[in-house]
Amino acid sequence: MAKLVTAVIKPFKLEDVKGALSALGIAGLTVSEVQGYGRQKGHTEVYRGAEYQVDFVPKVRIEVVVDDIDAAKVVDALVAAARTGKIGDGKVWVTTVDEVIRVRTGERGLDAL
């Protein structure tokens, strides 16, 4: 039926990802500013000669609900657009959506996408 594609990426890649998804015909997505860390567990920065640890790195979370058929294409486009090749590029995961309802019209299922 439908899949929720969730990605946590570097904020400066948002416009690239948005453009890639738009090129696929994806009409809607949700974006949130989030913070977190992965295996690198933050990093050390120097400000006015003093070192300090940055534990949580700013990221952007993108959520897109798509038809099952489109999920793989969305993931491929998203990963390609978000990749820099450096540590901290982020993660993408796909989960199954049992039900989708358009609040305005009450439509359900794929008609609500």
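Residues numbered from 1 in each chain as written. Predicted model: local features only at pLDDT ≥ 70, side-chain atom pairs only at ≥ 80, totals over all residues. Heavy atoms only, no water.

Where we set the bar: UniProt positions are given in the numbering used here, feature names are shortened, and annotations may be inferred rather than shown by experiment.
Under an unreviewed UniProt entry, the name given to the protein chain is Nitrogen regulatory protein P-II, and the source organism is Cryptosporangium minutisporangium. As stated in UniProt under Sequence similarities (unreviewed entry), the record for the protein chain gives "Belongs to the P(II) protein family."

1. A word on the overall build of the protein chain
Rule in force here: By the criteria applied, helices consist of DSSP H or I runs no shorter than four residues and strands consist of E runs no shorter than two, each listed in order from the N terminus. Computation of the radius of gyration draws on C-alpha atoms, with the globule rule given as 2.2 Å multiplied by the number of residues to the power 0.38. The cut-offs for exposure are 20% and 50% of the maximum accessible area for each residue type, with area from a 1.4 Å probe on protein chains only; residues under the lower value are buried, those over the upper are exposed, and the others partly exposed. Residue contacts follow a heavy-atom distance rule, with two residues in contact if any of their heavy atoms lie within 4.5 Å. Per-residue and other accessible areas follow the Shrake-Rupley method at a 1.4 Å probe size, with only the shown protein chains counted as cover for residues. None of His or the chain ends enter the tally, which takes Lys and Arg as positive and Asp and Glu as negative. Working definition for charges: the position is that of NZ of Lys, CZ of Arg, CG of Asp or CD of Glu.
Tallying secondary structure elements over the protein chain gives 2 helices and 6 strands in all. Starting at the N terminus and walking to the C terminus, you meet the elements of the protein chain as β-α-β-β-β-β-α-β. Taken over C-alpha atoms, the radius of gyration comes to 17 Å for the protein chain, far larger than the 13 Å a tight globule of 113 residues would show. In terms of its C-alpha atoms, the protein chain occupies a principal-axis envelope of roughly 60 × 25 × 20 Å. When each of the 113 residues of the protein chain is scored for burial, the buried share is 29%. Intrachain contacts of the protein chain at a sequence separation of at least 6 include 72% that bridge at least 24 residues. Accessible surface, the protein chain as shown: approximately 7,500 Å² in total, 52% of it carbon and sulfur. Considering the protein chain, the positive charge centre built from 16 side chains and the negative charge centre built from 16 side chains are found 5 Å apart.

2. Examining the environment of M1
Here M1 is to be found in the segment before β1 (2-9). Here M1 falls in the partly exposed class, since its relative accessible area comes to 38%. For the pair M1 and D68, spaced 67 residues apart in sequence, the C-alpha to C-alpha distance is 5.6 Å. Excluding anything up to four places from it in sequence, M1 contacts V66, D67, D68, V97, D98, E99, V100, G109 and L110.

3. Some words on a nonpolar patch on the surface
Let me state the cut-off plainly: To count toward a patch, a residue needs a relative accessible area above 30% and no salt bridge. Like charges then connect within 9 Å, nonpolar side chains (Val, Leu, Ile, Met, Phe, Trp, Tyr) within 5 Å. Whenever a carboxyl oxygen of Asp or Glu lies within 4 Å of a side-chain nitrogen of Lys or Arg, that contact is scored as a salt bridge.
On the surface, M1, V65, L110 and L113 cluster together to form a nonpolar patch covering roughly 310 Å² of accessible area. As for its placement among the helices and strands, L113 is situated in the segment after β6 (90-97). Judged by relative accessible area, which is 39%, L113 ranks as partly exposed.

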